[in-house]
Structure formats: C-alpha cells, structure tokens
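Here are the chains, one letter per residue:
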Amino acid sequence: MANGQNIMQKRRTVLVVEDNEMNREILCELLADEYNVLEAENGLTGLEQMEKHSGEIALVMLDVYMPECDGFAFLERKCRDPRFDTIPVIMMTASNTVEDEIRCLELGASDFITKPYNVEIMKNRMKSLIRLRESSAMLGRLESDSLTGLFSKEFFYHSLEELLKVDADAHYDLVCSDIENFRVMNDRYGTAYCDRFLRSIADEISGSLPNLLFGGRIGPDVYAFLIGHQEQNGWTEHLLPDGWQENHGKITIKFGIYTDVDHELTAAGICDRATLAIAKIKKKFGTDVAWYDDEMRNMQLREHQIEQTMERALSERQFVVYYQPKHDLHTDTTGGAEALVRWISPEMGFISPGQFIPLFERNGFIINLDFYIWEEVCKELRHCMDEGLPVIPISVNVSRVDFEVPDLAADIAVLADRYGIDHALLHIELTESMYSDNPGQIARTLAALHSNGFYIELDDFGAGYSSLTSLNTLTLDIMKIDMSLIRQAAATNDYSILRFATLLADGMRLKTVVEGVETAEQVAALKVLGCDYIQGYYFSKPLPPKEYEEYLAAHCGKESA
Ligand code: C2E
Ligand code: CA
Ligand code: CA
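Residues numbered from 1 in each chain as written. Chains lettered and ligands numbered in written order. Predicted model: local features only at pLDDT ≥ 70, side-chain atom pairs only at ≥ 80, totals over all residues. Heavy atoms only, no water.

**Q** Describe the sheet that holds strand β4 (residues 89–93), and please don't skip the residues or the numbers.
**A** On the basis of which strands lie adjacent, the open sheet formed by five strands has the order β2-β1-β3-β4-β5 and parallel pairing. The two strands at the open ends of the sheet, each matched to only one other strand, are β2 (36–40) and β5 (111–114). Strand-to-strand twist across the sheet, computed as the mean angle between neighbouring axes with direction ignored, equals 20°. Note: strand β3 (residues 57–63) against β4, four bridges, orientation parallel. In the sheet register, M61 faces β4, and the bridge partner there is I90. (Pairing = 2+ DSSP bridges. Helix = DSSP H or I, 4+ residues; strand = E, 2+ residues; numbered from the N terminus. Axes fitted to C-alpha atoms, helices over the stretch in contact; angles between N-to-C directions.)

Here it is, written out as structure tokens:
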C-alpha cells in the first residue's frame, strides 16, 4: 500500500531527446509542471544523460531522426544495457512508416506518438507506461527471491494456498531442503561464495525434482518445493545431481519430505511438517532424507487429541495423584511425600506427566490442572487426619505458568484453610530455571507463600541451570538435588559434587532431598554425606492413594508431623 502510494505521488524524471530546438523547448515546457525534465539534442547526449542520471529516469521521449546518433542507434545501445533496458521509450515521429515502427518496436520502444501531439493523450500514455513499469518491478520484487530466482517466502505460501484451493483431489508432495551448518560455511567461505552456492543449489535441486510445480526460499538457507505426488520413494536418491557430493566434500544438504499434503493446512503448517522431518536428522551422519512420518504424525495427532480431551478429563477426574515417599535418613522413617500426577484416560490409557505437562505449560491448562492437584492433596491430607493415618508433609509441583496467577499465595492459603490443613504440611516445589523468567514476581510470590507458612523446595538442583544468585535471593527451605547428580556420582564413584551441594545447602540452612536413589550403595553414601531425605525407587515408586496409605501405615510412626 505504501509503495502503491509512492508510485502515485513521487515526481518522476523524464528525458526528452529531440534535435529540433523549438520542438524540444515546447515539449519540455508542457511536461515541466508534472516532471523533472532532462534534455538532449541527439542520441549521443541522450545516452550521456542516461549515464549521468542512471536510476532516476522513468521514461524517455525519443525523436527518430536526428543527426549524429538517431533514435534507432539510441535504442540499440539502450537495450543492451541492463540498467536502462526496462526504461520505457515513447517514439516521437512526424510521419511514421510501418517499417520504422516495426524496427523501433523490435528495439524495445514502448509506444508512438505522432507530431503534432495531442497533449492529453501524450501525458496519459506517459503516466500509464511509468506506472506499468514500476508496479511490475514491485511485483517482481515480491514474487521472487532476488538471489535464487525462487519464489519469495510470502509468494510461495500464497501460491501454495491458492493452488490447494483449486483442486481438492490433486495430490502433492512438499520437499524442503536445508544446508547443514550454513552459518559456519558463511563465516569460512564468505558471503559472495555462499550466495553463489545458494543460487547453484536452488538450480540443481529444481532441476532434479520430478514434477516440480514451483519452489520458494522460505529461510536464509531453506528452500521449499511443491511437486506432484510421487508414489514410489526411489526418486529421492537423485535429489542432487550425480557426483554432487563428491564435488562438495563436507557440505551436507538435508531434505524433509511431507507427502500427500493435507489441503486443510496452511502453507506454513505444510512447510513445518517437512522441516520437522529435517529436524529429526539434523547432525545425523549418513541420513540426508527424512519423511514427515507416522511417528511424527502420531505425536501431532496425540497432542491434538490431548488438547481435545483435557477439559473433559479434568471434570471426569481422570487425573490421579500418585505419592512418592521421601525417606528421612535421620529417623529412618518416611518423612514426607511428593505428589505426582498421572492421567488415566479411558481412550488413551495410562499417561505419564512427561507427555502432557510440557503441552499444558504451552497452552496454559497447567494452571487448571495444578489447582486441581493441590486440592486433591489437601483432601488426601484431610483424609489421613480423619482416618487416624500418619500425617506427613506432601509437596506439590508448580510450573512457571502458575506464577502468572496474580495472587497465587492467597489462593493456596484459602484452599488449605478450606480443608483445615496446617500450612506447614504443604510444600511447594519449584525449579530453579523458573527464576530466570520473572525474578521479581517469583521472589515476591515465594516470600508470600513462605510468610503464609508453606515450605519451599528448590527442585532439580544441579540439573543444568543452577545459579547461586537464586539461592541467595529466594526464600527457600529445602534443596532437592537432581537425580543426574547421584547417577553420575555412582557411575564414577566420585561424590565430590554431591558433597559440595550438601555443604552448600548446609551453609544456607536448607534441608536436602536427593532424588532418584535406586540402590543400597547410594543410600549408604548419602548417609555419610549427611543428606536429610532420600526419594527414589529404592524406597518406593510413586504410589496410587490406597497403596500410599498402606505404605504410610507400615513405614511411619503414628501422627508424625
Ligand atoms: P520431578 O518433579 O523432578 O519428579 C521426579 C520424577 O522422577 C518423577 O517422574 C518420578 O516418578 C521420577 N522418579 C522418582 N524416583 C525415581 C527413581 O528412583 N528413578 C527414576 N528413574 N525416576 C524416579 P514423573 O512422575 O514422570 O514426573 C515427571 C515430571 O513431571 C516431574 O519431575 C515434574 O516436573 C512434572 N510433574 C509431575 N506431576 C506434576 C504436577 O502435578 N504438576 C506439575 N506442574 N508438574 C508435575
Ligand atoms: Ca518435583
Ligand atoms: Ca525433581
């Protein structure tokens, strides 16, 4: 739109090439109110003007017969120069013969006017020629990628969607290509070389694809090609010309193919599927072609199915809380438990949280689910109190998204109070990585939770993003040491990092829980290090409520708090 307006408003420059001085002056005067006018008295000075004002001139008004260099000679020279080739020329003739006209047209002239001219007609022809050239230049710019000559991304998407609308029964495949380590290549060989490479690759792939309809450059080094659907797979062996790899040594091009594209998808969605396939073979030596396959389709379908059913599942209480005991090394009894959600779906079966929590964190549903879990935990604690079962603290997990709820601490307090639960029985587990998101708000909410009497546990300590800053600024009570640390220590028989973590916790007056403990040797080593609690399969897997209660009855002193 902005470009369109510019076309209408900008003052253009025209060049008048005419040997008759009076004619030239009249013409220049006529045009001066709308154009910047340049003059030349013959073809030679005309070409000099073109040279001097290259890029400015929007149109040439050219006399045919002139001394020194006539209109034909001017046209001949002009059409050989790519800078001037597309500038429209209107020929001005006194008495035109058919032969002259044909010759001018062959040399690239756009139009004729005969002297004496009708000023209105002349001006209109000038205007429409200028507009035609400028809008087609703009269209060309939008349609094609100047480097490779493939469609631009926008035009590729547009063309793809238009084509899919035309014939619902037509079958197409989408092929995406991606140059591995292109950035490294750019640094090593320089932009000029890489630009040439990009161009040649676009040509080579285009040349080798069967039934190619069109291709586009959809990323700096990512191309997409739409081809007619291929029934057999053999064609992918010739995506690059024979001998290409031998000539290009270490350069690798990966291809992702999405066959029989779904007409209901957007162009971006279609390209995503092909690039998802590429992502699967990134850095995989020896595999250069991947299909968007059943496994990927199933994963997407499953996510879709999960999103379709999650709300009903929650209202039908398909989410069940399992409890994993935490063993207190000082008293040798069960000192607490962690609530871990499981989804028992009539359609999809038993689903572990790794499959749906990340998705719920992306779509925000985790807020609803977690609130439900916290309430289930309050009910369980209430149940234990009412039935005279041992009552020990239960920790719940919170996600970063939960902290976007404005008054999280107050909400949890109201919930606990509704079931008459001592706040000290509810622990909140959060991971350190959450802290980097919105440190101010997280720190405030934690402080509010803490002053409300809830305990705060720092989950997954040592899992990769530990920063000692968070230890210093957050109100914490317990440090949960990530299971990767005990695993590594046991494998190398080197407990120095674990020792450091427990010393650090000690210095900060934090209790420690070590997660993922599976063997008696690990338990013994942790005892020596002075850890406080152990959680892991060695003592128990996460248990459904009934079994958890039985476990409590067997492993806890009565009414221990
Ligand atoms: P997490 O909080 O680090 O939970 C510990 C995970 O380790 C659990 O996996 C648990 O079953 C597993 N685990 C415990 N002991 C052992 C062991 O000895 N060996 C091994 N290999 N694994 C052990 P799970 O239940 O699949 O939970 C995965 C993650 O999902 C949790 O990691 C937590 O981040 C998240 N999650 C689970 N329930 C909830 C929930 O209700 N709300 C939120 N927001 N996240 C949850
Ligand atoms: Ca946890
Ligand atoms: Ca953990």
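There's more to say after this.
**Q** How would you sum up the sheet that holds strand β6 (residues 172–179)? Please name residues and give values.
**A** Strand order in the open sheet formed by five strands is β7-β8-β6-β9-β10, and the pairing between neighbours is mixed. The sheet terminates laterally at β7 (212–219) and β10 (289–291), the two strands that pair on one side only. Along the sheet, successive strands turn relative to each other by an average axial angle of 20°, direction set aside. Relative to β10, strand β9 (residues 253–258) is paired through three bridges, and the arrangement is parallel. Counterpart to I257 in the pairing with β10 is W291.

**Q** Now, about the pairing of β3: what can you tell me, with residues and values included?
**A** Summarising burial for β3: seven of the seven residues are buried, a large majority. By the bridge criterion, five bridges tie strand β1 (residues 13–17) to β3 in an arrangement that is parallel. If you follow L15 over to β3, its bridge partner there is V60. (Buried < 20%, exposed > 50% of the residue type's maximum accessible area, 1.4 Å probe, protein only.)

**Q** Describe in detail the site of ligand 1, supporting the description with residues and values.
**A** Taken together, 23 residues form the shell around ligand 1, and within it Q324, R342, D370, E518 and Y537 come nearest. For ligand 1, an oxygen atom lies 2.8 Å from a polar atom in the side chain of R342. Relative to its free-state accessible area of 800 Å², ligand 1 is covered by the protein chains to the extent of 82%. Judged by the fraction of its atoms near the pocket grid, ligand 1 is located in the largest pocket. Only β12 (333–345), α13 (353–363), α14 (366–387), β16 (455–461) and α18 (483–492) provide two or more residues apiece to the shell around ligand 1. Grouping the amino acids of the shell around ligand 1 by side-chain chemistry returns ten nonpolar, five polar and eight charged. (Near = heavy atom within 4 Å. Polar contact = N/O pair within 3.5 Å; in protein donor to acceptor, adjacent residues only side chain to side chain. Areas by Shrake-Rupley, 256 points an atom, 1.4 Å probe, with all protein chains shown as cover. 1 Å grid on protein atoms, 1.4 Å probe; cavity = no way out; pocket = protein on both sides within 12 Å on 5 of 7 lines; lining within 4 Å. Sits in = over half its atoms within 2 Å of the grid points. Nonpolar A, V, L, I, M, F, W, Y, C, P; charged D, E, K, R; others polar.)

**Q** Would you mind going over helix α3 (residues 43–52) in detail, with residue names and values included?
**A** G43, T45, G46, L47, Q49 and M50 are the residues of α3 that are buried. For α3, the elements touching its buried residues are β1, β2, β3 and α4 (71–80). (Contact = heavy atoms within 4.5 Å.)

**Q** Describe the domain arrangement of the protein, and please don't skip the residues or the numbers.
**A** Segmentation of the protein into domains returns domain 1 (2–142), domain 2 (153–292) and domain 3 (301–555). Once you take the C-alpha centre of each, domain 1 and domain 2 turn out to be 44 Å apart. (Domains from an automatic or database assignment.)

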